[in-house]
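# Results of the structural survey
One-letter residues, chain by chain:
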Amino acid sequence: MKLFIKFDINTICTLFLKEKLEEQNLNFSTLGFGEIELEENLSTEALEELKNNLGPYGFEVVENQKSVLVQKIKDAIIELVYTDDNNNFKSSAYLADKLNHSYGYLSNVFSEVTYSSIENFIIIQKIERAKQLMIVNEMSLTEIAFLLNYSSVAHLSTQFKNTTGITPSAFLRIIKKRRENLK
Amino acid sequence: MKWIPKFNSSNYLRVIFIIAIFILLFLSSIAYKHNRDLNESSKLLMHTYEINIELERLMSAIKDAETGQRGFMITRNNRFLAPYLYSRDKVNTSFISLKKLTANNPQQKKNLDKLFKLIIQRYVSFENCLKYSAPETYDKRKLDNHMFGGRILMENIRFKVDEMKDIEKVFLEKSLKRYDEEISLGPVFSISLFLAALTFILLAYRQISKDLESLKVYNKKLLISSGLMAESEAIGKFSTWQWDLETDKIDYSDNQFRLLGVQPNIFVPNKDSFMDFVHPDDQEAIAASMEGIINNEELPFIYYKIIQPNNEIRYFKSTGKLLVDQQGSKILLGINFDITDEHLLNIKLQERNNELEKSNKELASFNHVASHDLQEPLRKIQTFISRVSDADKAVMSDSAKEYIVKIETSANRMRVLIDDLLLFSKTNTTKKEFIKSDLNELLENAKSELAVIIDEQNGILQVDNLPKLHVIPYQIEQLFINLIGNSLKYSQPGIAPKINITCEKILSNEYPELMDQPFKKFYKIMFADNGMGFDPQFKENIFVLFQRLHSKTDYPGTGIGLAICKKIVENHKGYITADSEPGRGSVFTVFLPE
Amino acid sequence: MQKNALHILLADDDEDDRLFFKDAFEEVKVQTKVEFVFDGLQLMEHLMNPDTKLPDILFLDLNMPKKTGKECLIEIKKTEHLKNLIIAIYSTSSSDEDIEDTFIEGANIYIKKPSDFNALKKIINEVITLNWHYHTSGLNRDNFLLSLK
């Protein structure tokens, strides 16, 4: 029997962090997604312990400011891509606005830390969502193109192919055959 | 079989004959009756005649008596008494006859009695006359009385006789009339019946002779047919046999014997004698099929071998069908074909086919493997060349640098060649899966493959709506890539390439090159460009493998691209043609069946 | 980027290809640790060894003696503790069917061996970058498909 489960990353992460921090008897308060204010300063060993506890689960304690900013940029982008508001604004303006920095500055920091560009990241996220929409929601390419603000299906297909190297239809075909194989 | 006529005339004839016989019987019964009637009437005549004669005899006897009496009375000579005495006997005799003759007629009997009484009275009168005329007892008055009385009696007798005669006459007339009536019908009736019978017999005769004629004709045809049949059996190396399923009798045609390798009619065919000829490998199957014939009353196609007496093995194919003939008996008509020649040919053909297939496979895999395996060292060459960094080049001599460049160029050329060869062999060897595909999609894919070049050259593509067809998708895509790529490659220098792709549905009769597939619908897809074109005398040449119209330095290419296009189109049972005018562009036309 | 060096494993029987690969990785911005195995059997032995630290990305040549890349791929995907490995097929073939085939069998990346060193560097860069994104941005690994030919 096939089940499609959608999960809310926010809830999971927050709950998890809470658990883990409570294990270490740390008092904290959440400031935002991925942002925690600890009541007291941690010792190096405690910080290491925390990192080791969180590490296996994919949680990284980000230490420097630039990394924090990059993480915020990423979060903002993900939020942008995954909301269904069909506002046709430019992502650059949105990010600059949301994070209170100039787009140029954001761009530089991002490239410095990640060695790749914001645009690239946006594209990757959009394609990722497109993949999800294709497989889970079984939407047509036209619908997806519209939802993700592409000017045409061809535009979406081209970007898909440029990013992954295969066409959307080929991708769908492969995923379907993979599932058949597993049966 | 149209030449077996319907002889229901046998029924027809039967009916006619029965009618005729009945008529004859009827006629003969009429004739018999007629005869009998004639007999009766003549008997009647005789009867009346006899009565008359007797009556006349009676009369004459009495007259004799009277004459005698008169004579005696006149002459008193005893000689005259003799007739008078004899007359009495005559009268008695006649009377006895008359009594017999009138036995069946009561009226006449009465009359006869009366007559008898009269005659007795006459004779009494005679006696009296004699008595009273004798001189001894002469009495004139009594004599006159009795004489007179005698005369009157005579008259009465005569009267009575005439009366009796009349009665007889009337009676005769009546009877004769009756017979007449009966008989008069007879001849007419008989003649007409006779004529009818004659007509029937003539009809029957006509029918019989007609039937006979037809029989003769059909017989002749039959003979000719039989002859032809036997001939054709001999020529066509087949034979027929008949198996009467009820009597289990089997009949072979002459050729059946010959096919088995023996003289015609050398033995009486039956199931077992046939088995002797069957090859041991097939005996079981043949036995089973014989069972099948008996039980299912049919013989589906069966293939087997026989061994002729001279030990030659022949391959046979037999089948049979149940026929019910006119008498209703079930006959299995069997046909044998000696397919030895075809069989051996088939085997040879199959062997050849297998060889060809094998060599094809070897060739294809050789092609594939060669291209594939050639890629490895080539790739290494190119990669190592690319590893020669600028720093390295800086310390090389000029000639060394030049050589490196030349090596690179050659390697690149080889790469292109191998890629194209690989593509060509792929067009052949990979499994050909036809999927219903939207050609527009495939064209889009081709365009995106060539996107970079199209962009570089500012190429414009104008595309009609293409249909959805059953094709091998990646091959059609390759076809588009090659054709469009060519148009881009051979564009006119300085002029942006423009490619017009149009599509229309056509019927193969309109196009001579499609003539070997008449009345089929095709899609005609035309790729028209505004490139440099080529000399139209080469329009067939360009599809030949490795044929090029330009040197590789002018225009890089391998001469495989269009050959691949042709192969792809052929795989889809279509056609490709090209035409051009130098300087005015070229048109490539692809015909794909519906 | 990554705190620790990216752990790469290449299974390829060709000495020259291994050399190219190694040189290309050395010139990439990211810190990497590259290991080699020489054929399919060796690969599977190495992976099955409980002491082995599994690589971040496995580059797998299809054309190997003793056990082909495809066979290894299938086996890996069937093995519980190996099936989540990121696998990049590294092959000379560019046939769409082969590519699709390996994706269906579970490969994440398909790379056609380039004949230019710079191209190889570029490819590796792309792979690492994308892989890192998948690693750090919560992208669905099951949908991670990249074809570079």
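Each value, and the rule that gives it
- Residues numbered from 1 in each chain as written.
- Chains lettered and ligands numbered in written order.
- Predicted model: local features only at pLDDT ≥ 70, side-chain atom pairs only at ≥ 80, totals over all residues.
- Helix = DSSP H or I, 4+ residues; strand = E, 2+ residues; numbered from the N terminus.
- Buried ≥ 20, exposed ≤ 12 C-beta atoms within 10 Å, placed from the backbone.
- Contact = placed C-beta atoms within 7 Å.
- Pairing = 2+ DSSP bridges.
- Right-handed = clockwise from strand over helix to strand, strands pointing away.
- Arc of directions from axis to C-beta.
- Axes fitted to C-alpha atoms, helices over the stretch in contact; angles between N-to-C directions.
- Parallel < 35°, antiparallel > 145°, perpendicular 65-115°, else oblique.
- Nonpolar A, V, L, I, M, F, W, Y, C, P; charged D, E, K, R; others polar.
- UniProt positions renumbered as here; feature names shortened; annotations may be inferred.
- Left-handed = near helix turned anticlockwise from the far one by under 90°.
- Core = buried A, V, L, I, M, F, W, Y, C linked by C-beta atoms within 7 Å.
- pLDDT = per-residue confidence, 0-100.

### Side note on the overall build of chain C
A count of helices and strands for chain C gives 5 helices and 6 strands. Residues classed as buried in chain C amount to 43% of the 149 residues present. In chain C, of all internal contacts separated by at least 6 residues, the share reaching a separation of at least 24 is 68%.

### Topic: the overall build of chain B
For chain B, the helix and strand inventory stands at 14 helices and 12 strands. Taking all 594 residues of chain B together, 23% fall into the buried category.

### Side note on the interface of chain A and chain C
Taken together, the contact pairs 18 residues of chain A with 18 residues of chain C. Listed by contribution, the elements that provide at least two residues to the side of chain A that touches chain C are α6 (118-135) and α9 (168-182) of chain A.

### Focus on the pairing of strand β5 (residues 109-112) of chain C
Residues and elements named next belong to chain C. Neither face of β5 is exposed, since Ile109 and Ile111 on one face and Tyr110 and Lys112 on the opposite face are all buried. In the sheet, strand β4 (residues 86-91) pairs with β5 via 4 bridges, with the strands oriented parallel. Bridge pairing in β5 places Ala88 opposite Ile109. Note that the unit made of β4, helix α4 (residues 96-104) and β5 has a crossover that is right-handed. Pairing of β5 with strand β6 (residues 146-148), which is carried by 3 bridges, proceeds in the parallel orientation. Opposite Ile111, over in β6, you have Leu148 as the bridge partner.

### Section: α4 of chain C
Every buried residue of α4 of chain C is listed here: Ile99, Thr102 and Phe103 of chain C. Here the buried residues of α4 of chain C occupy an arc of 105 degrees about the axis, which is enough to place them on one side. Its buried side turned inward, α4 of chain C meets α9 of chain A together with α3 (69-78), β4, β5 and β6 of chain C. Following α4 of chain C by one or two positions, Gly106 of chain C has its phi on the positive side, about 120 degrees.

### Overview of the packing of α6 of chain A against helix α8 (residues 153-164) of chain A
Residues and elements named next belong to chain A. As a packed pair, α6 and α8 sit with axes 10 Å apart at the nearest point and diverge in direction by 110 degrees. As summarised for this structure, α6 and α8 are arranged roughly perpendicular, according to the angle between their axes. Of α8, the residues touching α6 (which contributes Ile123, Ile124, Ile127 and Ala130) are Leu156, Gln159, Phe160, Thr163 and Thr164. Residue classes in the contact of α6 with α8 are distributed as 6 nonpolar, 3 polar and no charged.

### Concerning the UniProt feature "modified residue: 4-aspartylphosphate" (unreviewed entry) in chain C
All names here are of chain C. When the UniProt feature table is mapped onto this chain, "modified residue: 4-aspartylphosphate" (unreviewed entry) is found at Asp61. Secondary-structure assignment places Asp61 in strand β3 (residues 57-61). What makes Asp61 buried here is the crowd of 24 C-beta atoms within 10 Å. Once you skip the residues sitting within four places of it in the chain, Asp61 turns out to touch Ala11, Asp12, Asp13, Gly69, Tyr90 and Ser91.

### Some words on the packing of helix α1 (residues 15-26) of chain C against helix α5 (residues 117-136) of chain C
Residues and elements named next belong to chain C. It is the contact of α1 with α5, at a shortest axis distance of 9 Å, that shows an interaxial angle of 60 degrees. In terms of axis orientation, α1 runs oblique to α5. Regarding α1 and α5, the two cross each other, and that crossing is right-handed. Contacts from Phe20, Ala24 and Phe25 in α1 reach Phe117, Leu120, Lys121 and Ile124 in α5. Taken together, the residues of the contact of α1 with α5 break down into 6 nonpolar, no polar and 1 charged.

### Quick word on the sheet that holds strand β12 (residues 585-593) of chain B
All names here are of chain B. Taken together, the 5 strands give an open sheet; going across it, the order is β7-β9-β10-β12-β11, and neighbouring strands pair in mixed fashion. Single-partner strands in this sheet number two, and they are β7 (460-463) and β11 (575-581). Neighbour to neighbour, the strand axes of the sheet diverge by 15 degrees on average, direction disregarded. Here 7 bridges tie strand β10 (residues 521-529) to β12, and the two strands are oriented antiparallel to one another. By the bridge assignment for β12, Phe522 is matched with Pro593. On top of the sheet, helix α13 (residues 473-489) reaches β9 (498-507), β10 and β12; it is set at about 25 degrees to β10, its chief contact.

### Some remarks on the environment of Ile576 of chain B
All names here are of chain B. Along the chain, Ile576 turns up in strand β11. Residue Ile576 is classed as buried on the basis of its C-beta count, with 22 C-beta atoms lying within 10 Å. For the pair formed by Ile576 and Glu513, sequence separation is 63 residues and the distance between their alpha carbons is 9.4 Å. Not counting residues up to four positions away in its chain, the partners in contact with Ile576 are Cys565, Lys566, Val569, Phe588, Thr589 and Val590.

### Considerations on the nonpolar core
In this structure, Phe59, Leu60, Ile87, Ala88, Ile89 and Val127 of chain C are the most contacted members of the largest nonpolar core, which totals 47 residues. Top contributing element to this core by residue count: α5 of chain C, with 7 residues. Excluding its chain neighbours within four sequence positions, the residues that come into contact with Leu60 of chain C are Ala11, Gly69, Cys72, Leu73, Ile87, Ala88, Ile89 and Tyr90 of chain C. Counting 41 residues, the second largest nonpolar core, distinct from the first, contains Ile481, Leu483, Ala578 and Phe591 of chain B.

### Observations regarding the sheet that holds β3 of chain C
All names here are of chain C. Within the open sheet, the 6 strands sit side by side as β2-β1-β3-β4-β5-β6. Their pairing is parallel. The sheet terminates laterally at β2 (32-37) and β6, the two strands that pair on one side only. Pairwise comparison of adjacent strand axes, ignoring direction, gives a mean angle of 15 degrees for this sheet.

### A word on the environment of Lys66 of chain C
Residue and element names in this part refer to chain C. Secondary-structure assignment places Lys66 in the loop between β3 and α3. The exposure class assigned to Lys66 is partly exposed, which follows from the 13 C-beta atoms found within 10 Å. Once the C-alpha coordinates of Lys66 and Asp39 are considered, the two residues, 27 residues apart in sequence, prove to be 6.8 Å apart. Not counting the four nearest positions on each side in its chain, Lys66 is found in contact with Asp39, Gly40 and Leu41.

### Topic: unusual backbone geometry
Backbone geometry at Asn149 of chain A places phi at a positive 65 degrees, although glycine is not the residue there. By the element assignment, Asn149 of chain A lies in the loop between α7 (141-147) and α8. Exposure remark for Asn149 of chain A: the 16 C-beta atoms within 10 Å place this residue in the partly exposed category. A positive phi angle, close to 55 degrees, is found at Asn458 of chain B, a residue other than glycine. Here Asn458 of chain B is to be found in the loop between α12 (451-457) and β7. Residue Asn458 of chain B is classed as exposed on the basis of its C-beta count, with 11 C-beta atoms lying within 10 Å.

### Quick notes on the confidence of the model for chain C
Residues and elements named next belong to chain C. On average, residues of chain C score 85 in pLDDT, and 96% of them reach the 70 mark or higher. Confidence, read as mean pLDDT per element, is least for β6 in chain C (79) and greatest for β3 (92). If you check the scores for this complex, the pTM reads 0.54 and the ipTM reads 0.84.

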